[in-house]
Each structure stands twice: as C-alpha cells, then as structure tokens.
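# Commentary on secondary and tertiary structure
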Amino acid sequence: MWRSVTVVAVTAGLLAPTGGTALARAQGGGSPGAAGIGDPYYPLDGNGGYDVQNYDLDLRYDPATDVLSGQAAVRARATQDLSRFDLDLQGLKIASLTVDGRPAAYRRDGGELVVTPRASLHEGATFVVTVAYAGSPRTIHDVFGASGFFHTDDGALVVGEPDVAATWFPANDHPLDPASFDVSITVPSGLEAISNGVLLDQRRHGDWTTWNWQAREPMATYLLGMAIGQFDIRSHSAGGIRFWNALDPDLFRMSADPGDPYGPTVGAVATGSLARQPEIVRWLAGLAGPYPFSAAGGIVDDFAGLEFALENQTRPIYPSSSFSDPLDGDLVIVHELAHQWFGDDLRLAGWQHIWLNEGFATYVEWLWQEREGVRTVRETFDSFYATPARDAFWTVAPGDPGPDELFGDAVYYRGAMTLHALRQAVGDRAFFAILRRWASSQAGDSVTSAEFIALSERISGRQLDALFQRWLFTPSKPARA
Ligand code: ARG
Ligand code: ZN
C-alpha cells in the first residue's frame, strides 16, 4: 500500500524531470499517468490515471482583444497511484497551476500539460487541479476544414469534433472521460453568452455580465460549446424539457435562399425548424426511449466560417447554411437531436466506432423523411446502393474508416445503409427493438461496434457476423442481401 506520509516533500523542480516509473515506485509515489487514454486514431487524446468528475470553468472573453482568460478547476479521481499526470491543452498561457490548492510543477509538451503535484496522489483520491490561464484560442484547421474556437464579428463560437476542448480549457479530452460542467462566462454587457445545459442566472456588474450555465449530466469534453455575441435567447418548456434557443438577430436580415431575396429569411426558417424540436424529441423518444437530458435547444449564429452542425449535448450549434429551406432545416435538427441519444448519451469508446454516431443519426434522418412523406427509406437506400462498385465511396469501411475519413460519406451513408441491411435481415420488429434496446441498455455509457453486433444477435437470435463484416469492415461494395 502506498502511504502519503512517507513521501518526502521533494521540490517540484527535482521531481518533475525524473518521471521514471521505477524511481517513483521506489519512493512509494505511484507512477505517471499515461499521456493518452488509448484511442487508436488519436493516441494523445485524453490521458490515463484519473477520471474527471467536474469541470468548473470561470471564463471571461473580450471580443475587442479576442482574449479568453480565467480559471478552470478540474475535479478528478485518481484511478492509480499517481506521481504525475497529463491534461490536454493546446496553446494559451498558464498563469498559475495548483493541485488541491498547492502550487504544482508543470511543463508543456505539445498538447500535453504535464502536472507533477507536490505529493503523489493516492488511487481513489479526489483532487482538484486549478489552472489560471489566458490567450487567444486558435481555430483548428484539419482534414475536415475549420473548427474549434472561431472568432466571429461580434464574439466567438466554439464547435468542434473530435478535438476542440483542449483549445480553450485544460481537459481529459476524450469521450471515454465524461464529466459534469459548470460554465461561467463573463462578456461585455450587451452581449449574450450561451453554453450547454441550464441557465442558472445572468448577472450584470457594470460593463460586464456573467452568464452561468450548468450541465449536470455527464458529457464528453468535445460536446461543450459556447456562443458569444448578439443573440436573441428564448426559453420555454415542453414535455418536461426546458429549451433554450439562441438566434443571432442578423439571421433575420439574411435571405434563406440567396437566389430569392424576397423569400423567407434564415431567421424565419430557423425559427420554424427549431419550433419543431419538441415534436422531433417526442418522435425520437418513440424510437429510442425517453430524451436523456433535462435541457435542450439550439444555437444559430450568422457566422459564415462555420460549415457544419454539431450535436453539443443539450444544445446543438447550427450554421446559418443549415436553414436554407424548411425541409433541410428540420432534417439537420433531426440529425443533431438523434445524436443526443446516439453519440452524446451513448458515447464512443474510441473514435473508430464513429459510425455508431453518424450512421445512426443519418438513418434517423431517413426515417424522418419517410415519415414526412419526402422519400421512403427504401428509396434512399436504393439511391446510395446504385453507386457503382468502382466508386471510391465503397473503398472506405465505415466500421474502421481511419482518422482522415472520420466524417467521410462512408461513415454517414454506408453506416446508415448498414442499419438498413440489418433491418432487412432481421425484420422490422427485431430491428426497432434493437434500436431501442441499444439506446436504453447502454444509456450514459461508452459503446463499441462489437457491442452493437452482439446486441443485434441477441435480440434477433441470428448470427450476424457475416452481415456486419460485409457492411462495416470490408472496403468494397457489399452484395445485396
Ligand atoms: N458530428 C457532426 C455531425 O453532426 C459533424 C462534425 C464534423 N466535424 C468537423 N470538424 N467538421 O455531423
Ligand atoms: Zn452527425
């Protein structure tokens, strides 16, 4: 057993560079936590040795300078005897760092923030890392385009997947370590600041106003969003869920269809689609079980640099381009709300399982289009299946697409086709039972493709390895079932 009393108060400077597991053990001080949580696609995302329980972010953003400043208090439980551990943090300048209130040694190594507490942490012990920091967060430019922390004309917009959190707060940045969040955002009075969960209060103190948001239900780090700027915030309750919708008023001066300047505005289309959220949630609950969270709503900014929507838990963020017409607007809301079950409540155990998010949300879109009389699922499936076998579309296996194809067509469309192939094989009754059981049996948990296959076999009583092998893991066009 490790005994904290035997640890000599080594100066941090002396302890930090050793990092040697053997030495740390010899000192009875545990060993370093891993620099990554074990993701095959993003080996340095997340970290080992602890579980975060809560992030308490107390941030200030000044659009005049683009500077984000403040403090993050990360409360975690050690899962091993820890001599040191990493957090993920990209850029930004640290002013001070403490562990349980005592200054701790730290160094930066790329996106790893390596923290060496004064004394080692005992397995099972809860500790709080407090980081005071400031800087202008950098927007991410990766294979999927621009994402992360955007500096907009009147504020900021934070939306990204799989990486975004570490660009604006120190995090154990992987869906395997979800936590609750308390987010306090101070902005110039006159601007709004919106994040996830519930708005506890907003307090004006002179030139600045502080907005306090709380997301109690455990959430993956990338699902924390933030929008700062001019927003019209509307809140209402429906079906036991409190909605907060935030729309940039500029959207009511933008024509939804650029070819039709006298047609409806983006604001009008977005308002109409967001108004259908309670109905969409009710319909999804019929498919997947009760809505997993207490809050909901959407955020739409007029920022043209955002080109995708994201399923931020309880509060997806949509680009203005999502609302070019009512059918598309409704559909993207259906997609992001489907993710509240498939992606947010059920979290990926590793990014290779991404089709469990995107294939499911896409299949739910197909079901919605059939319900709305737009197109049957069968027609949609057939139109994708008509893609010639030599097309590059079939060369990506959605069950293990690789990091560059994480959000590729195969993940979304062949992922959805996989569900339809399953439905054809097991019949409607078993298929919809599988969907519902999948959402409920692993609610609040992390998930893998293997678990979905096993559940499908259990519920249908069929041996389905060949089907999933063909649809998910073979980089060529599957023969028709
Ligand atoms: N999960 C998002 C969706 O609902 C896509 C995120 C794309 N990520 C990015 N960095 N472009 O489809
Ligand atoms: Zn999606």
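You'll find the structure just up there.
Below you will find a few notes about this structure. Everything numeric here is computed off the predicted structure, so don't read it as measured data.

## Things to note about helix α9 (residues 428-441)
- Helix length check: α9, at 14 residues, gives a terminal C-alpha distance of 19 Å against a target of 20 Å (1.5 Å per residue), a fit within 8%.
- Looking at the packing, one finds that the buried side of α9 touches α4 (277-288), α5 (326-341), α6 (355-371), α8 (409-426), β24 (446-447) and α10 (449-460).

## Side note on the site of ligand 1
- Around ligand 1 sit 13 residues, and of these Glu-161, Glu-311, Glu-336, Glu-358 and Tyr-412 come closest.
- Separating a nitrogen atom of ligand 1 from a side-chain N or O atom of Glu-311 is a distance of 2.8 Å.
- Here Glu-358 contributes a side-chain N or O atom positioned 2.7 Å from a nitrogen atom of ligand 1.
- When ligand 1 sits alone it has 350 Å² of accessible area, and the protein chains cover 93% of it.
- Taken atom by atom, the bulk of ligand 1 overlaps the largest pocket.

## Side note on the coordination of the zinc ion (ligand 2)
- Note on the zinc ion (ligand 2): its protein donors are His-335 (NE2), His-339 (NE2) and Glu-358 (OE). The metal-donor distances range over 1.9 to 2.0 Å.
- If you list the donors of the zinc ion (ligand 2) from N- to C-terminus, the spacing comes out as H-x3-H-x18-E. Pair noted here: His-339 is in helix α5 and Glu-358 is in helix α6, with a separation of 19 residues, a long-range link.
- For Glu-358, a relative accessible area of 1% translates into the label buried.

## A few points about the pattern of salt bridges
- For the structure on display, the rule yields 11 salt bridges.
- For Arg-276, the salt bridge identified is with Glu-372, shortest N-O distance 3.0 Å. Linking Arg-276 in the loop between α3 (266-274) and α4 with Glu-372 in the loop between α6 and α7 (377-385), this pair joins segments that are 96 residues apart in sequence.
- Glu-372 sits in the partly exposed class, given a relative accessible area of 29%.
- Between Glu-372 and Arg-371 there is a salt bridge, with the nearest N and O atoms lying 3.1 Å from each other.
- Linked by salt bridges that have partners in common, Arg-276, Glu-279, Asp-330, Arg-371 and Glu-372 make up one network.

## Considering the packing of aromatic side chains
- As enumerated under the stated definition, the model contains 36 aromatic pairs in all.
- Pairing Trp-283 with Trp-368 gives two aromatic rings, centres 5.2 Å apart and planes at 70 degrees, and the pair type is edge-to-face. Of the two residues, Trp-283 sits in helix α4 while Trp-368 sits in helix α6, which places them 85 residues apart along the sequence. Like Trp-368, Trp-283 is buried.
- By the ring-pair criterion, three or more aromatic residues cluster together here, those being Tyr-363, Trp-366, Phe-381, Phe-384, Tyr-385, Phe-393, Trp-394, Tyr-412, Tyr-413, Phe-431, Phe-432 and Trp-471.
- Geometry around Tyr-385 places Lys-477 over its ring, the cationic atom sitting 4.3 Å from the centre.
- Between the NZ or CZ atom of Arg-480 and the centre of the ring of Tyr-385, over which it lies, the distance is 4.6 Å.

## What about the sheet that holds strand β5 (residues 93-99)?
- The mixed open sheet is built from 8 strands, whose spatial order is β6-β5-β9-β3-β2-β13-β16-β15. The open sheet has two free edges, formed respectively by β6 (102-103) and β15 (198-205), since each of these has just one partner strand.
- The sheet contact formed by strand β2 (residues 50-62) and strand β13 (residues 179-188) spans 7 bridges and is parallel. The residue of β13 that forms the bridge with Leu-59 is Ile-185.

Calculation notes
Residues numbered from 1 in each chain as written. Chains lettered and ligands numbered in written order. Predicted model: local features only at pLDDT ≥ 70, side-chain atom pairs only at ≥ 80, totals over all residues. Heavy atoms only, no water. Helix = DSSP H or I, 4+ residues; strand = E, 2+ residues; numbered from the N terminus. Expected span 1.5 Å × (residues − 1). Contact = heavy atoms within 4.5 Å. Near = heavy atom within 4 Å. Polar contact = N/O pair within 3.5 Å; in protein donor to acceptor, adjacent residues only side chain to side chain. Areas by Shrake-Rupley, 256 points an atom, 1.4 Å probe, with all protein chains shown as cover. 1 Å grid on protein atoms, 1.4 Å probe; cavity = no way out; pocket = protein on both sides within 12 Å on 5 of 7 lines; lining within 4 Å. Sits in = over half its atoms within 2 Å of the grid points. Donors = N, O, S within 2.8 Å, 3.2 Å for Na, K, Ca; no water. Buried < 20%, exposed > 50% of the residue type's maximum accessible area, 1.4 Å probe, protein only. Salt bridge = Lys/Arg side-chain N within 4 Å of Asp/Glu carboxyl O. Phe/Tyr/Trp six-rings, centres within 6.5 Å; stacked < 30°, edge-to-face > 60°. Lys NZ or Arg CZ within 6 Å of the ring centre and 35° of its normal. Pairing = 2+ DSSP bridges.

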